[in-house]
Amino acid sequence: MSRTVLINGTVSYSSNAQIIHSKILKDLVIEFLTDLEERNESLLTFFALFLKNEDAVEIDERYDLEQIVKMLFALSAEKIDEIDASPFYSFPKLSDKKEQIVKFVERLYNLWRNKHRFMIQKSDYVSNGIQKIYKEMILVKNNTDFKSLVTNFYRQILINVSDDRLKVLRQLPSGAQVAFSVDTPRFKANVFNENETLYNVPFVWGVVFEPPVIFYTKSNKRSGIFKVIDSPILNKINLDNPEDWFAFPIHVGKRYILVYVYKEFLSMAAGLTNLFELAGFGIVQRKKPDGIYFYGLDDKYFEKSEYKNGVIYREDDGTYIGLLGRDDSVDYFGYMKKVILTIHNLKVIDDGNLPIHGALAEIVLKNGKKANVMLMGDSGAGKSETLDALNRLSKEVSEVNILIDDMGSLEIDDNGNVVAFGTETGAFVRLDDLQPGYAYSAIDRSIFMNPNEINARVIVPYSNYKEIIQPTKIDYFFYANNYTKVENDDDYIVFYNDWKDAYNIFSKGARMAKGTTSEVGLTYSYFANPFGAIQRKEKHEKIAQKFLNQMIKTGVKVGEIKTQLGVIGFEDSGPDYAAKALLKLISNQ
């Protein structure tokens, strides 16, 4: 059985028969029995009662699945002793097997809850806000009814098997974790270069979360740089089973990118909707995407095995096409986010502007002074940690408004000022590096990924789309240095008056790796941006030099801020010291 389970969201759930007659329950029992046999567990003695053909190869031929399911149905309606005494049932005597039945039901329920569960509602897209909410509330109700049905079905079986089993009731999440409303748009233009299969995939237009949303993925690190190939690929991609794919149209900054996700990776798609703004069907139907990303393609689409970890092609018309394989090694949200942002950055570079791997915040002090501060640096450089530490200095700091969390772009406006634009409406951050309790304060809106592991992550929304695409003038532009130990209080922040000196620091992209990727130790990444900058280095160099020169010329303070996040012994205190130095700087400006 697949890790991902799709639940029909177009029907109302009110009867146990809907569970009993579902393919989901049958597949769940097959997976349970398969695992039981592989482990050769003692519980197999109970299922020997339901053997149908001991010599059969397949589980569903070896065991009488229909009888097992009927047993569950009967136990949900009547007490076990009454079933044994009734002439209407043909089961073996069950009352002697109470403990084994309880163990089976408990473990089957846990197996179900360990699945990534999604409800899919096929519903005509509506642009009217009230009608949209109404349709989504129907989806909410169907999922609530389904959750109650599953929970009560499980609970009633335990009661009927043993009265003393449920002294404490726990309302465990057992319905869909995320629900999607889907429709097939009526396209007004050729947006896929005659690739007909891409029109038939259901497009997502509405999303409902059932918090807390927790997903356990098969990988928790990203590795490698995504190669860019300047040749077309789109017409070679044929989605043989469009119903197994879902299309997510999203705004990435000022760009429109269309993401196709194979059903097994819908947990990644759920994270996507918490990180970026969904685009309406008005955009989808009439506009050609700036980029298209396929997450979970067959091996046949990859010329080299390493391309399965992410490769990007450029169509003749300038559209970028990202491809990712279907391996366990790429079952990590970093591959979803970073390929998309690489596509965005490539388009930014094509336009002669500067993509920035960094964070931007409007910092407002209680004394009335304020500044727009951009921190540039690769993953684990201490950008988010420093801003979070600054936000905790509540005696002096009034607000820290995050405008860019991870990736943005710089442009030069008509007045010659360098202005910044964001890309994401949410943040994909490490739980390990955040202040205790930070992520859990937003647990009702967050998606947690592998919270029990190193590099555990949370995806939490923090802004709205209109805010992040407004041009924001920069006051301070810092390289986030996480590897240098600070010996003197005056050395936390240093400035450069010559753009060449600044370019030397920024272009090296030095960073002490923090476990967010497969890298270790002190590493270097051109302009701290392996997501487009390195792939278009020759063009990017000229753009970067132009922008650094323009910033210094127009009064933007350019320099380094030392977070010490990668320095042993300063992992927690380093960003605090950096935040205090930044506070002092703004207070004295």
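What comes next is a walk through the structure.

### Brief notes about the overall build of the chain
Move 1: Along the backbone of the chain there are 16 helices and 26 strands.
Move 2: Radius of gyration (C-alpha) of the chain: 27 Å, near the 25 Å computed for a compact globule of 589 residues.
Move 3: In terms of principal-axis extent, the alpha carbons of the chain reach across some 90 × 55 × 50 Å.
Move 4: Residues classed as buried in the chain amount to 57% of the 589 residues present.
Move 5: Once local pairs closer than 6 in sequence are excluded, the contacts in the chain between residues at least 24 apart make up 75%.
Move 6: Within the structure as shown, the chain displays about 25100 Å² of accessible surface, and the carbon and sulfur contribution to it stands at 47%.

### A few points about the nonpolar core
Move 1: The biggest cluster of nonpolar side chains holds 78 residues, and the ones touching the most others in it are F180, Y260 and F294.
Move 2: Of all the elements, helix α11 (residues 333-350) adds the most residues to this core, at 8 residues.

### Describing the environment of T319
Move 1: On the secondary structure map, T319 appears in the loop between β11 (311-314) and β12 (320-324).
Move 2: Classification of T319 as buried rests on a relative accessible area of 9%.
Move 3: Separated by 27 residues in sequence, T319 and L346 have C-alpha atoms that sit 9.9 Å apart.
Move 4: Setting aside residues up to four positions removed in sequence, T319 forms contacts with K288, P289, D290, G291, Y313 and R314.
Move 5: At 3.0 Å, the side chain of T319 and the side chain of D317 are in polar contact.

### Considering helix α5 (residues 65-77)
Since one α-helical turn is 3.6 residues long, residues separated by three or four positions face the same way.
Move 1: Under the 1.5 Å per step criterion, the end-to-end length of α5 is 19 Å for 13 residues, consistent within 8% with the ideal 18 Å.
Move 2: Residues of α5 that are buried include every one of L65, Q67, I68, V69, M71, L72, A74, L75 and S76, and no others.

### Concerning unusual backbone geometry
Move 1: Of note, the amide linkage connecting P211 to P212 takes the cis form, showing an omega dihedral of -5°.
Move 2: Inspection of the secondary structure puts P212 in the loop between β4 (203-209) and β5 (213-215).
Move 3: Located in the positive-phi region is N450, a residue other than glycine, with phi close to 50°.
Move 4: The topology assignment puts N450 in the loop between β19 (447-449) and β20 (457-461).
Move 5: Phi at Q564 is positive, roughly 60°, even though this residue is not glycine.

### Structural notes on the packing of helix α7 (residues 98-113) against helix α8 (residues 129-161)
Move 1: Running from N to C, α7 and α8 cross one another at 165°; their axes reach a closest spacing of 9 Å. On the basis of the axis angle, α7 is roughly antiparallel to α8. Of the two elements, α7 crosses α8, and the hand of that crossing is left-handed. Of the residues in α8, those touching α7 at K98, I101, V102, V105, E106, Y109 and W112 are F146, V150, T151, Y154, I157, L158 and V161.
Move 2: When its residues are assigned to classes, the contact of α7 with α8 shows 11 nonpolar, 1 polar and 2 charged.

### Let's talk about the sheet that holds strand β18 (residues 426-430)
Move 1: Taking strand neighbours across the sheet as the criterion, the 4 strands line up as β5-β19-β20-β18 in an open arrangement whose pairing is mixed. Since the sheet does not close on itself, it has two edges, and those belong to β5 and β18, each with one partner. In this sheet, neighbouring strand axes are inclined to one another by 20° on average, regardless of whether the strands run parallel or antiparallel.
Move 2: Relative to β20, β18 runs antiparallel, the two being bridged by 5 bridges. Its bridge partner being in β20, R430 is matched across the sheet by R457.

### Things to note about the packing of aromatic side chains
Move 1: Counted according to the given criterion, the structure contains 33 aromatic pairs.
Move 2: Ring geometry for F478 and F495: centres 5.7 Å apart, planes at 35°, overall tilted. Taken together, the residues F478 in strand β22 (residues 476-481) and F495 in strand β23 (residues 493-495) connect sequence positions 17 residues apart.
Move 3: Here F495 falls in the partly exposed class, since its relative accessible area comes to 36%.
Move 4: Chaining the aromatic ring pairs together yields one cluster made of Y125, F187, Y199, F203, W205, Y260, F281 and F294.
Move 5: Above the ring of Y262, the side-chain terminus of R326 is found at 3.7 Å from the ring centroid.
Move 6: The side chain of K537 reaches across the aromatic face of Y526, ending 5.1 Å from its centre.

The rules we used
Residues numbered from 1 in each chain as written. Predicted model: local features only at pLDDT ≥ 70, side-chain atom pairs only at ≥ 80, totals over all residues. Heavy atoms only, no water. Helix = DSSP H or I, 4+ residues; strand = E, 2+ residues; numbered from the N terminus. Rg over C-alpha atoms; globule rule 2.2 N^0.38 Å. Buried < 20%, exposed > 50% of the residue type's maximum accessible area, 1.4 Å probe, protein only. Contact = heavy atoms within 4.5 Å. Areas by Shrake-Rupley, 256 points an atom, 1.4 Å probe, with all protein chains shown as cover. Core = buried A, V, L, I, M, F, W, Y, C linked by side-chain atoms within 4.5 Å. Polar contact = N/O pair within 3.5 Å; in protein donor to acceptor, adjacent residues only side chain to side chain. Expected span 1.5 Å × (residues − 1). Axes fitted to C-alpha atoms, helices over the stretch in contact; angles between N-to-C directions. Parallel < 35°, antiparallel > 145°, perpendicular 65-115°, else oblique. Left-handed = near helix turned anticlockwise from the far one by under 90°. Nonpolar A, V, L, I, M, F, W, Y, C, P; charged D, E, K, R; others polar. Pairing = 2+ DSSP bridges. Phe/Tyr/Trp six-rings, centres within 6.5 Å; stacked < 30°, edge-to-face > 60°. Lys NZ or Arg CZ within 6 Å of the ring centre and 35° of its normal.

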